[in-house]
Each structure stands twice: as structure tokens, then as C-alpha cells.
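# Understanding the architecture of this molecule
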Amino acid sequence: MTDPEIRIVPESAALAEQAAQLFVETAAASIATRGAFAVALSGGSTPRAMFQRLAQLPLRQQVEWSKLQIFWGDERTVPPDSPESNYHMARQALLNHVAVPAAQIHRMQGELDPYEAAAEYETVLRQVFQLGQQPRLPVFDLQLLGIGPDGHTASLFPGTPALHERGRLCVANPVPQLQTTRLTLTPPVITASALIVVLAAGREKAEAVARAIQGEWDFETTPSQLLRHAEGRVVWLLDPAAASRLKQ
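Here is a short report on the structure shown in this document. (Residues numbered from 1 in each chain as written. Predicted model: local features only at pLDDT ≥ 70, side-chain atom pairs only at ≥ 80, totals over all residues. Heavy atoms only, no water.)

## Some details on the pattern of salt bridges
Tallied over the full model, the rule gives nine salt bridges. Between Glu-122 and Arg-126 there is a salt bridge whose closest N-O contact spans 3.6 Å. Of this pair, Glu-122 and Arg-126 both sit in helix 4 (residues 114-128), four residues apart, roughly one helical turn. Comparing Glu-122 with Arg-126 shows no difference in burial state: the two are buried. As a salt-bridge pair, Arg-211 and Glu-207 come within 3.6 Å of each other at their nearest N and O atoms. Placement of the pair is Arg-211 and Glu-207 together in helix 6 (residues 206-214), with a separation of four residues, close to one helical turn. Through salt bridges with shared partners, a single network forms among Glu-5, Arg-7 and Arg-233. (Salt bridge = Lys/Arg side-chain N within 4 Å of Asp/Glu carboxyl O. Helix = DSSP H or I, 4+ residues; strand = E, 2+ residues; numbered from the N terminus. Buried < 20%, exposed > 50% of the residue type's maximum accessible area, 1.4 Å probe, protein only.)

## Points about the layout of surface pockets
Roughly 450 Å³ of volume is contained in the largest pocket. In terms of lining, the largest pocket is formed by 27 residues, of which the most central are Gly-43, Gly-44, Gly-146, Ile-147 and His-152. Top contributing element to the lining of the largest pocket by residue count: strand 5 (residues 142-146), with four residues. (1 Å grid on protein atoms, 1.4 Å probe; cavity = no way out; pocket = protein on both sides within 12 Å on 5 of 7 lines; lining within 4 Å. Points joined across faces, edges and corners; volume = space filled by probe spheres on them.)

## Description of the packing of helix 2 (residues 45-54) against helix 3 (residues 86-93)
Running from N to C, helix 2 and helix 3 cross one another at 30°; their axes reach a closest spacing of 8 Å. In terms of their interaxial angle, helix 2 and helix 3 are classed as roughly parallel. The handedness of the crossing between helix 2 and helix 3 comes out as right-handed. Residues Pro-47, Arg-48, Phe-51 and Gln-52 of helix 2 form the contact with helix 3, whose participating residues are Met-89, Ala-90 and Ala-93. Taken together, the residues that form the contact of helix 2 with helix 3 break down as five nonpolar, one polar and one charged. (Axes fitted to C-alpha atoms, helices over the stretch in contact; angles between N-to-C directions. Parallel < 35°, antiparallel > 145°, perpendicular 65-115°, else oblique. Left-handed = near helix turned anticlockwise from the far one by under 90°. Contact = heavy atoms within 4.5 Å. Nonpolar A, V, L, I, M, F, W, Y, C, P; charged D, E, K, R; others polar.)

Geometric values such as these leave the question of function open.
This is the structure we're talking about:
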């Protein structure tokens with residue numbers, strides 16, 4: 001466990017630009033080291049802006065897209081063409097514009113029964129990362145995350161069962177406060193990532209960011225505190241409003 005890197009950038013456009021640059025740098029380093037780059041994407045408006053930058057020149061030419069394995073950290077229980085789908089957003093903003101082989105894009109199947117979809121995704125993770133049935137974890141080169149005003153990250157919401165899952169890689173997580181069920185990677189999978197980048201913009205995120213990074217430990221009410229136990233590097237990319245409640 002290492003201390004997080006906190007980067008405060010002038011405004012949300014610069015935040016998306018820095019995140020895109022980190023994506024490019026991490027992809028290049030991973031491909032140079034082991035010939036592949038495994039990334040778990042997130043939903044949200046800031047990742048969308050980041051994806052749009054990656055889809056444009058010059059950044060688009062700086063990634064060996066054929067070497068990517070693309071996953072998602074969470075998904076809504078909706079079809080892949082739904083405007084609410086994290087996959088759909090990434091497809092529109094980025095994947096339609098770059099040459100990632102279709103077989104290397106691994107979406108969560110939100111249109112299925114959520115428990116079936118979670119089991120299917122665990123199978124995919126085990127196959128792509130060659131885990132077999134051993135109690136091993138996939139290690140993403142990059143995990144992109146956001147944080148909600150309630151302190152959730154991925155679809156690990158306060159007080160939900162997935163917070164305490166330690167055996168599974170992906171689960172269907174009932175979220176009664178939203179009257180829905182979400183698909184999400186589990187805490188051990190998230191914290192095993194080599195690099196985690198958390199994107200947060202806006203004053204409505206400020207209190208949750210402060211609780212996540214500096215608050216008294218209360219994982220049940222602030223699930224994003226799990227990043228304190230990350231095994232790799234954690235970078236918080238924040239605009240001044242999101243960082244406004246942090247103590248110096």
C-alpha cells in the first residue's frame with residue numbers, strides 16, 4: 001500500500017487531457033514490457049471526455065490499439081445500445097474510432113439476468129488472464145474509476161453486499177437506494193490493479209473525495225476508501241472544486 005498521488009488540474013478539460021495522457025503512457029509501458037495492455041474502463045462524463053481525446057489525433061496514433069484487452073469495472077443492467085450503458089458510451093466516444101479487435105473488447109452483458117451476467121464475466125476474466133480455477137486475481141495495467149457524491153466507486157455502493165465479497169471476481173450487486181441491480185468488479189479485483197486512476201470533477205464530489213482519501217475509516221459508508229488498500233499506484237485526478245475539501 002502506497003500513498004495516493006493527488007493531482008489537481010485547473011479545470012475539467014485539462015483533467016480529461018491528463019487522464020488521456022496517462023492512458024497513452026501506461027499502454028506504451030505495458031506493451032513494451034509484456035506485449036499487451038489490459039484496461040478496465042468506467043462510465044461518466046469525465047471519462048467520456050477522456051475517451052473523445054484518445055479517439056482524436058495526435059493521441060489516437062500513439063496507442064497500439066491491436067494490443068489492448070478492454071474490460072469494464074461496472075455496468076448497468078441495460079442492453080448494450082442503451083444510452084445508460086457504460087459500454088455504449090465507450091463505444092460511441094472511443095471504440096468506434098480505433099482499431100481494437102472485436103474479440104479483445106469484453107463487455108459486461110447487462111441485458112442478461114444479472115447473476116448470469118456476473119458469472120459470465122468472471123469466466124471471461126479467468127480465460128483472458130489465464131487464471132484457470134486457481135484463487136488468483138486478474139491484474140489490470142490500468143483501472144479507471146470515478147467516485148459518486150455518496151462515496152461509491154465502480155458499482156460498490158454504500159451498504160451493499162458486494163462490499164464484502166472476497167471470493168468472486170464480478171458480482172451482481174443489488175443497490176436498493178437506486179432500486180436496481182448493478183454489475184461490478186469486486187474489491188479484491190479493483191485493489192489488485194497495477195495503476196488506478198480516479199477522475200473527479202465538481203463541488204458535489206468534494207466531500208466524498210475528502211472522506212475517501214483522508215476521512216476516518218468507514219468503508220461501509222464510503223466504499224471508495226478501499227483504494228487505500230490498493231496494491232499498486234493510485235492517482236487521483238481532481239479539479240479544484242472536487243479537491244476543495246481536502247486538508248493540505
